[in-house]
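Structural overview
Here are the chains, one letter per residue:
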Amino acid sequence: MEKATSGGTDFIRAIVAEDLETGKYAGRVVTRFPPEPNGYLHIGHAKSICLNFGIALENGGGVCHLRFDDTNPCKEEDEYVESIKEDVRWLGFDWGRHLYYASDYFDRLYEWAVQLIKAGKAYVCDLSTEQIRQYRGTLTEPGRESPYRDRPAGESLELFERMRAGEFENGSRVLRAKIDMASPNLNMRDPVMYRILKVAHHRTGDKWCIYPMYDFAHGQSDSIENVTHSICTLEFEDHRPLYDWYLDQLGVYHPRQIEFARLNLTYTVLSKRRLLELVEGGHVKGWDDPRMPTISGMRRRGYTPEAIRSFCNRIGVAKTDSTVDIALLEHHVREDLNRHATRVMAVLKPLRVVIENYPEDLVEELEAVNNPEDPAMGTRKVPFSRVLYIERDDFMEEPPKKFFRLAPGREVRLRYAYFVRCVGVVRDEKTGEVAELRCTYDPETRGGDAPDGRKVKVTMHWVSATRSLQAEVRLYDHLFSGEDPGEVEEDADWKDNLNPGSLEVLDSCRVEPSLADAAPGERYQFERVGYFCVDPDSPAGKPVFNRTVALRDPWAKLRQAGK
């Protein structure tokens, strides 16, 4: 995997610095983030957001525009517009007064198209979409000129006006730029500038029935907004000559397009088309499903904006494609939550424990630390009673050699409480499974230490049976089983790589009573278990917690091993 530079030393920032030094744009830095409102943003977009807004923030009076590329009304919705705004704000960035839409410029784009027709640089073509594809040629063969390429400018102008007036059906005609059908760059072989789409637009309604292609709208929108550095992902590198051609032919202000490698993550699909397929096919429960790589999904899962920004800074900016291990993203999430998340105790698979020598009517309030990384977060009280719950996995009747948790005759420490020893096992009469443990406690070990100096090897978490709350816990894992979800055998479906174990729901968990008023979005560390976030769909009286990440950190182990 490629190691890229970051934090002010990457090649894009070097270009910006050089332009500032030479006064190329009179000391201005204007970037933009131009999403198409046809889906929810994902972690790949977060990289672009952090880059574009970051460069603007790093350069004094720099600004970053939020511009919606709303040139395809067939796929765009206001829902997506609002979700994109929310995601950008949540990541910590603000476009201020610089909110724009490509549709703001439809009139001017139309005028520029007319200008190119009159200059003999564009023509109306009657070839069908399939015919245009056939005439285009291949990477090794030049294209063929359309029989309509030399149509008189006046005729093309009249037809273009009639296209706008709605006289022709979808697909019957297009406006094409007249460039070079023999160009080695296929994007320069008379690309389509406008197509007929008799579809209402989410902002302009039925005003237009012809819409500009992205390549025609992109550069001109940058020019209108006086963008200085138009930063795109690498797939637009071959489009840059077309970007430049339109601006040069129109004789308007010319920003600079710069390309960088998009983000690829293991176990993750970042194709908006495929993500839409997952949503529409019912493979996930919406765009904000916590298994999705969407920003809204990560927010619901419990990821923090600080962690995502830190991750984006760490991976940096490169010129060549590479794949980042998702463990690195999870590492940054753990690091941030470790510093800021309140520690609590929760038992996911409860096993009942009765402390035989503890008074039946006594409940003690023990002091627990909220976050050892931040003493300012203080402490809280947790109730301790005669009947408790521990994790079922923390007990074995016949433990193997390296199992140090509770077992018959063995003593362990209960977090913030006492030493307890297992003295008996009660089984379910029907199934034979362990249903209850009988234990004794040492009242002299309150707080976790024995006055006689004896030691135990394990400290276990627990909750009071009478004072704890019932909760649902959703254990999320990678959505795909393979590192590269798109790697499938011939004729196989990429969705065959979906992980059937990506979600496990536990509906009989017990959590300490301090979580009774936990608000949606609040993040916690369940001690010895992992990091969790309160789901917004939690019903009254029974909170739902989404697992953000487990406690183990494979990336940190690899780093320590020098790999």
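Residues numbered from 1 in each chain as written. Predicted model: local features only at pLDDT ≥ 70, side-chain atom pairs only at ≥ 80, totals over all residues. Heavy atoms only, no water.

1. Here we look at the overall build of the protein chain
- The number of helices and strands found in the protein chain is 13 helices and 25 strands.
- Compactness check: the protein chain gives a C-alpha radius of gyration of 31 Å against a globular reference of 24 Å for 563 residues, more than 25% above the reference.
- In terms of overall dimensions, the protein chain has a C-alpha envelope of 100 × 55 × 40 Å along the principal axes.
- Relative to its full complement of 563 residues, the protein chain shows a buried share of 54%.
- By sequence separation, contacts in the protein chain at least 24 residues apart represent 71% of the contacts at least 6 residues apart.
- Counting only carbon and sulfur atoms, one obtains 45% of the accessible surface of the protein chain, whose full area is about 25600 Å².
- Charge centroids of the protein chain, computed over 78 positive and 93 negative side chains, lie 2 Å from each other. (Helix = DSSP H or I, 4+ residues; strand = E, 2+ residues; numbered from the N terminus. Rg over C-alpha atoms; globule rule 2.2 N^0.38 Å. Buried < 20%, exposed > 50% of the residue type's maximum accessible area, 1.4 Å probe, protein only. Contact = heavy atoms within 4.5 Å. Areas by Shrake-Rupley, 256 points an atom, 1.4 Å probe, with all protein chains shown as cover. Lys, Arg positive; Asp, Glu negative; His and termini not counted. Charge placed at Lys NZ, Arg CZ, Asp CG, Glu CD.)

2. Points about the sheet that holds strand β6 (residues 192-196)
- Strand order in the open sheet formed by 4 strands is β4-β5-β6-β7, and the pairing between neighbours is antiparallel. Sheet topology places β4 (122-125) and β7 (210-212) at the edges, where each strand pairs with a single neighbour. Strand-to-strand, the axes of this sheet are offset by a mean angle of 20°, without reference to chain direction.
- Taken together, the 3 bridges between β6 and β7 define a ladder with antiparallel strand orientation. (Pairing = 2+ DSSP bridges. Axes fitted to C-alpha atoms, helices over the stretch in contact; angles between N-to-C directions.)

3. Some words on the confidence of the model for the protein chain
- On average, residues of the protein chain carry a pLDDT of 94, and 97% of them reach 70 or more.
- Contacts from residues 1-7, a stretch scored under 50 in pLDDT, to residues over four places away or in other chains number 21 contacts. (pLDDT = per-residue confidence, 0-100.)

4. Quick word on empty space enclosed by the protein
- On inspection of all chains with the given rule, the structure shows 5 cavities of 30 Å³ or more.
- What the largest cavity holds in volume is close to 200 Å³.
- Elements supplying a minimum of two residues to the lining of the largest cavity: α9 (272-280), α10 (295-301) and α12 (326-340).
- No other element matches α12, which puts 3 residues into the lining of the largest cavity. (1 Å grid on protein atoms, 1.4 Å probe; cavity = no way out; pocket = protein on both sides within 12 Å on 5 of 7 lines; lining within 4 Å. Points joined across faces, edges and corners; volume = space filled by probe spheres on them.)

5. Considering the side chain of K85
- By secondary structure assignment, the location of K85 is in helix α3 (residues 78-90).
- When near neighbours in sequence (up to four residues on either side) are disregarded, K85 contacts L66, F68, W95, L99 and Y101.

6. With respect to the pairing of β6
- Of all the 5 residues making up β6, 4 are buried; the element is thus mostly covered by neighbouring parts of the structure.
- Of the strand pairs in this sheet, strand β5 (residues 174-177) and β6 are connected by 3 bridges, and their pairing is antiparallel. Across the sheet, the residue bridging to L175 is Y194, located in β6.

7. Points about the pattern of salt bridges
- One pass over the full model with this rule turns up 44 salt bridges.
- R300 is the partner of D288 in a salt bridge, and the nearest nitrogen-oxygen pair spans 3.3 Å. Note that D288 is positioned in the loop between α9 and α10 and R300 in helix α10, a separation of 12 residues in sequence.
- Judged by its relative accessible area of 29%, D288 falls in the partly exposed class.
- Of the charged contacts in the structure, one is a salt bridge between R291 and D289, with a shortest N-O distance of 2.8 Å. In this structure, R291 and D289 share a single accessibility class: buried.
- Via salt bridges that share partners, D288, R300, E472, R474, D535 and D537 belong to a single interconnected network. (Salt bridge = Lys/Arg side-chain N within 4 Å of Asp/Glu carboxyl O.)

8. Regarding the packing of aromatic side chains
- By the definition in use, this model includes 24 aromatic pairs.
- An angle of 85° between the planes, with centres 5.7 Å apart, marks the rings of Y40 and Y80 as edge-to-face. Of the two residues, Y40 sits in the loop between β1 (30-33) and α2 (43-58) while Y80 sits in helix α3, which places them 40 residues apart along the sequence. A single burial state applies to Y40 and to Y80, both of which are buried.
- What links up through ring pairs into an aromatic cluster is the set F106, Y110, F160, Y194, W208, Y211, F216, W245 and Y246.
- The positively charged end of R144 is found above the aromatic ring belonging to Y135, 4.1 Å away from the centroid. (Phe/Tyr/Trp six-rings, centres within 6.5 Å; stacked < 30°, edge-to-face > 60°. Lys NZ or Arg CZ within 6 Å of the ring centre and 35° of its normal.)

9. As for the nonpolar core
- Core analysis: the largest hydrophobic core is formed by 39 residues, its most contacted members being I43, I49, V88, I308 and F311.
- Mapped onto this core, the elements with two or more residues apiece are α2, β2 (63-68), α3, α10, α11 (305-315) and α12.
- When residues of this core are assigned to their parent elements, the largest contribution, 6 residues, is made by α2.
- Not counting the four nearest positions on each side in its chain, F311 is found in contact with I43, L263, L265, V324, L328, L329 and H332.
- In this structure, Y105, V114, L157 and Y211 belong to the second largest nonpolar core, which totals 35 residues. (Core = buried A, V, L, I, M, F, W, Y, C linked by side-chain atoms within 4.5 Å.)

10. Describing unusual backbone geometry
- Residues other than glycine seldom take positive phi values, yet N226 does so here, at roughly 60°.
- Turning to its location among the elements, N226 is positioned in the loop between α7 (214-224) and β8 (229-233).
- Accessibility expressed as a relative area gives 37% for N226, which makes it partly exposed.
- One non-glycine residue with positive phi stands out, namely Y267, at about 60°.

11. Quick word on α7
- Most of α7 sits out of view: 11 of its 11 residues are buried.
- Listed as buried for α7 are Y214, D215, F216, A217, H218, G219, Q220, S221, D222, S223 and I224.
- Immediately beyond the C-terminal end of α7, within one or two residues, lies N226, with a positive phi of roughly 60°.

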